[in-house]
Amino acid sequence: MNRGGGIGTRMGDGEEIGTKFVDTGNSIPRSKFGNSVHSDPNLSATVAAIPRDEVFAYRNSSASFTSPASYDPNRMSCEGSPMTMSPWNQTGAGSNFPWSIEENLPQNGLIGSLVREEGHIYSLAATKDLLYTGSDSKNIRVWKNLKEFSGFKSSSGLVKAIIIAGEKIFTGHQDGKIRVWKVIPKNPTVHKRSGTLPTLKEVFKSSIRPSAYVQVRNRSALWIKHSDAISCLTLNEDKTLLYSASWDRTFKVWRISDSKCLESINAHDDAVNSVVASLDGLVFTGSADGTVKVWKREQQGKRTKHSPVQTLLKQESAVTALAVNTSGSVVYCGSSDGMVNYWECEKQLTHGGVLKGHKLAVLCLASAGNLVFSGSADKTICVWRRDDKIHACMSVLTGHNGPVKCLAVEEDHEKSKDGDQRWVVYSGSLDKSVKVWNVAEMAPDMYQMAMMQQQQQYQRHMGSDADSLPSDGSSLASENRAN
């Protein structure tokens, strides 16, 4: 199976293409085995010039769970909430209500766009005042205060994942390699490549041991090396371990201190599109085979061992993205059918509901505070707020001209006048741009006011028929279940 484009040759610094910052002011602006489904949807209707290796057949969802009694596929998270009446929860084909009404939520707005016409944006990482962006041009750009600050280039493989661990920057590539970079202290604009995972030393030591080889697609390969594209990178809670997910159906565990591969797990029957580490040694993986699996990390003597604990989800649609909130109490899963399932972790993981806000595949997820962000092939970003066990869509951020492929969130330390928590959200798209948003978490009274405004606007739109709707939105929830 050829999931990726050709591997490029080593190149020097690429041609400098003009960089521009667009200030918007106040504007708000494959099937299983053989035809592997990866994390990028069938985007032909959205972006014409998308690499062929990033296109897959769209599959409808028929979700089922290992514990069917605990799962209602038609349950919406916001049932019983006034937000159920929001136009964003209208899934019926007959609804012609405007899909985005950010003007009712002035707290959320587009700050500006970072544009460098050199490739589709596949990965983002934010730390302090720096933003790292990766694209299919093999370049990693560094931005500071919305201006280009620095940049460096990999020898091959488009940049599918970026993660920062202390002074090290890890990038995952289409060619199956993880590259390690360090900032030169005397000149922070210079990033020097300090290694590759696995290291040459480990490759050499393993290559002379027959036991180090495994069968991959009818050929032998070293178990410490990924044999297909890296799809995702994540760190454990104390940033001592790096996890890499790959289209080769495995995820691997790396010790950051010495760059050693501790373990390689044959996790799924198809490409692993996402991996995320949570608290208490739990690790979640999502795959094109339609499953979400839970793994438990344990220390067995000097060995680190990950064992399967539970399969949360089994469905026809590919799992494309995962996220865990800061406290580790909620796990989110985005799929190629446009749905976001989530599970709550108390004594055990139980299915909490489905967030229905996108028309096309969910490609990325990010969580911050009480908010979760979902980016989609429909070019939008939904901002969901969690209150207790209820999720409501606060806003839909629009402005991208292509699928939203990656998200990163940083705390905005400049609080608003009322002391409300604010976040800076970065969104990378296949329209070759990165957009920067300011999003307010909203204090409870502001949140309730916004919900009332949206309910009133919905009632004005629907006319007299809406006057008979109960305040908890249960009638509309029933309509959504029917759809």
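The structure contained in this document is the topic of the report that follows.

Conventions we followed
Residues numbered from 1 in each chain as written. Predicted model: local features only at pLDDT ≥ 70, side-chain atom pairs only at ≥ 80, totals over all residues. Heavy atoms only, no water. Helix = DSSP H or I, 4+ residues; strand = E, 2+ residues; numbered from the N terminus. Buried < 20%, exposed > 50% of the residue type's maximum accessible area, 1.4 Å probe, protein only. Areas by Shrake-Rupley, 256 points an atom, 1.4 Å probe, with all protein chains shown as cover. Salt bridge = Lys/Arg side-chain N within 4 Å of Asp/Glu carboxyl O. Pairing = 2+ DSSP bridges. Axes fitted to C-alpha atoms, helices over the stretch in contact; angles between N-to-C directions.

**Concerning the overall build of the protein chain**
Stage number 1. Each helix and strand in the protein chain was counted, giving four helices and 31 strands.
Stage number 2. Evaluated residue by residue, the protein chain yields a buried proportion of 56% over its 483 residues.
Stage number 3. Of the roughly 20,800 Å² of accessible surface on the protein chain, 49% is carried by carbon and sulfur atoms.

**Looking at the pattern of salt bridges**
Stage number 1. The final tally for this structure, using the stated rule, is 12 salt bridges.
Stage number 2. Between arginine 116 and glutamate 118 there is a salt bridge, and its shortest N-O distance comes to 3.1 Å. Summarising the burial analysis for this pair, arginine 116 and glutamate 118 share the class buried.
Stage number 3. Among the ionic pairs, glutamate 118 bridges to arginine 141, the shortest N-O distance being 3.0 Å. Here glutamate 118 is found in the loop between β2 (109-116) and β3 (121-127), whereas its partner arginine 141 is found in strand β5 (residues 139-144), with 23 residues between them in sequence. Summarising the burial analysis for this pair, glutamate 118 and arginine 141 share the class buried.
Stage number 4. One network of salt bridges, in which partners are shared, links Arg116, Glu118, Arg141 and Glu148.

**A word on the sheet that holds strand β14 (residues 241-246)**
Strands pair in a sheet through their backbones, by hydrogen bonds, and they do so in one of two ways: parallel or antiparallel.
Stage number 1. Taken together, four strands build an open sheet; the order of strands is β13-β14-β15-β16 and the sheet is antiparallel. With one partner strand each, in any of the chains shown, β13 (230-235) and β16 (260-266) form the two edges of the open sheet. When the angles between neighbouring strand axes are averaged without regard to direction, this sheet yields 20°.
Stage number 2. In this sheet, β14 lies alongside β13 in antiparallel orientation, the contact comprising five bridges. Residue isoleucine 230 lies in a different strand from β14, and its bridge partner there is serine 246.

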